[in-house]
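Chain and residue survey
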Amino acid sequence: MGTTDSLAGYLRGRARWRLDRVQSADGGWNARCALALLDAASYAESLPDDDPLIAALKDAGCFGQYGVGDFEPGEAVAKLIDFWDSGEPWELLTAIPLVARGGSVPTRG
């Protein structure tokens, strides 16, 4: 499995998790999160493995120590992904390396 396939698979899995959540009065938030993650998964899958966004994820250790494993985010990145509800897919992929390196989760105004 290539890096983009691994990333897209992870994002789709988290989207399915969001769709399976039942929370009364969430105002469609879980659905928005799921749609944003599905959009990001489709975008990630369209990228070549040597795309600069993928290279930044590898450099940040999101694909293992040497950049050759499956996409395995740390706790902070997993939180960023799980709460992503809007924004362009490239914005999520750009935020992941920053958070993986210890940066704060970016906020959107």
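Residues numbered from 1 in each chain as written. Predicted model: local features only at pLDDT ≥ 70, side-chain atom pairs only at ≥ 80, totals over all residues. Heavy atoms only, no water.

The helix and strand inventory of the chain stands at five helices and zero strands. A compact globule built from 109 residues should have a C-alpha radius of gyration of about 13 Å, and the chain, at 13 Å, falls within 12% of that. When its C-alpha atoms are laid out on the principal axes, the chain stretches across 45 × 30 × 20 Å. Here the chain holds 109 residues, and 37% of them are scored as buried. When contacts within the chain are restricted to residue pairs at least 6 apart in sequence, long-range pairs at least 24 apart make up 65% of them. For the chain, the distance from the average position of its 10 positive side-chain charges to the average position of its 16 negative side-chain charges is 7 Å. (Helix = DSSP H or I, 4+ residues; strand = E, 2+ residues; numbered from the N terminus. Rg over C-alpha atoms; globule rule 2.2 N^0.38 Å. Buried < 20%, exposed > 50% of the residue type's maximum accessible area, 1.4 Å probe, protein only. Contact = heavy atoms within 4.5 Å. Lys, Arg positive; Asp, Glu negative; His and termini not counted. Charge placed at Lys NZ, Arg CZ, Asp CG, Glu CD.)

Time to look at the environment of Leu57. As for its position among the elements, Leu57 is in helix H3 (residues 52-59). Residue Leu57 is classed as buried on the basis of its relative accessible area of 0%. What Leu57 contacts, discounting residues up to four positions off in sequence, is Leu7, Cys62, Phe63, Leu93, Ile96 and Pro97.

What follows deals with the state of the cysteines. All told, the structure shown has zero disulfides when counted by the stated rule. Cys33 takes part in no disulfide bond, and the closest cysteine sulfur, belonging to Cys62, lies 19 Å away. Using a relative accessible area of 0% as the deciding quantity, one classes Cys33 as buried. (Disulfide = S-S within 2.5 Å.)

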